[in-house]
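# Residue-level structure breakdown
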Amino acid sequence: MQTKVIVKVLGTAQDGGVPHPNCSCEHCQLSDHRPELRRLASSLAIILPDLKKWHLVDATPDMREQLTFLKRSHPELGLMDSVLLTHAHIGHYTGLMFLGKEVISTKHLPVYAGQEMQDFLASHAPWKQLVDLQNINLESIWPDEVLVLDNAVKVTPLQVPHRNEYAKTFGFVISGKVKKLLYIPDIDRWEQWDRDLQEISSSVDYCLVDGTFFSEQELTDAGRDYKHIPHPLMSTTMDLLANLVQNSKTKVYFTHFNHTNPAVNPDSDVTAMIRSKGFEIAEEGMEFQLS
Ligand SMILES: [Zn+2]
Ligand SMILES: [Zn+2]
Ligand SMILES: [Zn+2]
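Residues numbered from 1 in each chain as written. Chains lettered and ligands numbered in written order. Predicted model: local features only at pLDDT ≥ 70, side-chain atom pairs only at ≥ 80, totals over all residues. Heavy atoms only, no water.

### Some words on the overall build of the protein
The number of helices and strands found in the protein is 9 helices and 14 strands. With respect to the three principal axes, the spread of C-alpha positions in the protein is 50 × 45 × 35 Å. Per-residue burial for the protein yields a buried fraction of 55% across its 291 residues. In the protein, of all internal contacts separated by at least 6 residues, the share reaching a separation of at least 24 is 72%. For the protein, the exposed area adds up to about 12900 Å²; of that, 48% sits on carbon and sulfur atoms. (Helix = DSSP H or I, 4+ residues; strand = E, 2+ residues; numbered from the N terminus. Buried < 20%, exposed > 50% of the residue type's maximum accessible area, 1.4 Å probe, protein only. Contact = heavy atoms within 4.5 Å. Areas by Shrake-Rupley, 256 points an atom, 1.4 Å probe, with all protein chains shown as cover.)

Here's what the structure looks like:
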């Protein structure tokens, strides 16, 4: 019997979530009144339900809520079997704090990260304490080197350009026996990547990619200059992948939404336009079956 592999979306917001702290923009106000529009920081669970195992992709500051939410839909699951980290920005690793002795107090939990990320965690408090007390065991990932999780699922780390103040940034291709999913929550610009987005997207079944900002106008309205914002615009990504979405089996979902992005409002004209072009908005709770 083939082991079932499911990727479940645990969060779809940029690091600060929606509503965003200290913001009263229309989206933050709307999500405050309508809890179903709240978004937690971007994260995935790779679940092997038959084996009662699962692996967390990015440990977010919303992890407490995300673990509770995961248990609700998959009561068969216990503690995660490992954590994989994309990079050293606060929405992606600070949930590790819940693994320490103040909260879950894990024992030798494997945490997969690049070399610099490991050095960063091992040498800075409070993360250092998790390493010193062996709550976590740091394990290496290397660009393009396949990591095998429980035989049924493989993860290929892809290095991507993204500020990288403390450590390099990775995206992941998650491969089950039948289908593959590309996950890149954060990247500076597609043209700065040494890989071809169209080519890599066409080699997978599902893409979940950086949808932080929709347009330059959104940034101008928020008093920011796109030149200084290291993310591809959704409108640019849609132009790059339009052909693929219309002419192939690959489905493209956006995730990691900033609170300013009109795509966070399901009733916005922008959301309708995105859908009409064949693209999708990732939502918490979505599941993708890879085997
Ligand atoms: Zn982020
Ligand atoms: Zn806001
Ligand atoms: Zn980042």
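Past the structure itself, the notes keep going.
### Regarding the nonpolar core
Judged by nonpolar contacts, the single largest core of 30 residues is most densely connected at Leu182, Ile184, Trp193, Val209, Val252, Ile274 and Phe279. Breaking this core down by element, the ones donating at least two residues are strand 8 (153-160), strand 10 (180-184), helix 6 (197-202), strand 11 (206-210), helix 8 (234-247), strand 12 (251-255) and helix 9 (269-276). A per-element tally of this core places helix 8 first, with 5 residues. (Core = buried A, V, L, I, M, F, W, Y, C linked by side-chain atoms within 4.5 Å.)

### Details of a nonpolar patch on the surface
A surface patch of nonpolar side chains, amounting to about 230 Å² of accessible area, comprises Leu79, Val103 and Ile104. Residue placement: Leu79 occurs in the loop between helix 2 (63-73) and strand 4 (82-84). Here Leu79 falls in the partly exposed class, since its relative accessible area comes to 41%. (Patch = residues over 30% accessible without salt bridge, like charges linked within 9 Å, V, L, I, M, F, W, Y side chains within 5 Å. Salt bridge = Lys/Arg side-chain N within 4 Å of Asp/Glu carboxyl O.)

### Re the coordination of the zinc ion (ligand 1)
Taken together, the protein ligands of the zinc ion (ligand 1) are Asp15 (OD), His92 (NE2), Asp186 (OD) and His256 (NE2), with distances of 2.0 to 2.3 Å. Each of the 4 donor atoms around the zinc ion (ligand 1) contributes to a set of angles spanning 78 to 174 degrees, which defines the coordination as irregular. Mapped onto the polypeptide sequence, the residues donating to the zinc ion (ligand 1) form the spacing pattern D-x76-H-x93-D-x69-H. In this structure, the zinc ion (ligand 1) is positioned 3.5 Å from the zinc ion (ligand 3). With a gap of 241 residues between them, Asp15 in the loop between strand 1 (6-11) and helix 1 (26-33) and His256 in the loop between strand 12 and helix 9 connect regions that are remote in the sequence. When sorted by exposure, Asp15 lands in the same class as His256, which is buried. (Donors = N, O, S within 2.8 Å, 3.2 Å for Na, K, Ca; no water. Tetrahedral: all angles 85-135°; square planar, octahedral: opposite > 155°, others 65-115°.)

### Concerning the sheet that holds strand 11
Strand order across the open sheet formed by 7 strands is 7-8-9-10-11-12-13, with mixed pairing between neighbours. A single partner strand is all that each edge strand has here, and the edge strands are strand 7 (147-149) and strand 13 (280-281). Across 5 bridges, the pairing between strand 11 and strand 12 is parallel. By the bridge assignment, Asp210 is partnered in strand 12 with Thr255. Against the sheet, helix 8 contacts strand 11 and strand 12, and its axis sits at roughly 165 degrees relative to strand 12. (Pairing = 2+ DSSP bridges. Axes fitted to C-alpha atoms, helices over the stretch in contact; angles between N-to-C directions.)

### Remarks on the coordination of the zinc ion (ligand 2)
Taken together, the protein ligands of the zinc ion (ligand 2) are Cys23 (SG), Cys25 (SG), Cys28 (SG) and His259 (ND1), with distances of 2.1 to 2.3 Å. One can describe the donor arrangement at the zinc ion (ligand 2) as tetrahedral, given that its 4 donor atoms subtend angles of 101 to 114 degrees at the metal. Judged by relative accessible area, which is 22%, Cys25 ranks as partly exposed. When its relative accessible area of 10% is taken as the criterion, His259 is described as buried.

### Some thoughts on the environment of Leu147
Within the secondary structure layout, Leu147 lies in strand 7. Judged by relative accessible area, which is 13%, Leu147 ranks as buried. Sequence separation between Leu147 and Asn265 is 118 residues; the distance between their C-alpha atoms is 37 Å. Setting aside residues no more than four positions away along its own chain, Leu147 makes contact with Leu84, Tyr112, Ile141, Val153, Lys154 and Val155.

### Observations concerning helix 4 (residues 115-123)
All of the buried residues along helix 4 are Met117, Gln118, Phe120 and Leu121. One face of helix 4 carries all of its buried residues, which in axial projection span an arc of 160 degrees. Of the surrounding secondary structure, the elements contacted by the buried residues of helix 4 are helix 3 (90-93), strand 5 (109-113), helix 5 (127-132) and strand 6 (136-140). (Arc of directions from axis to C-beta.)

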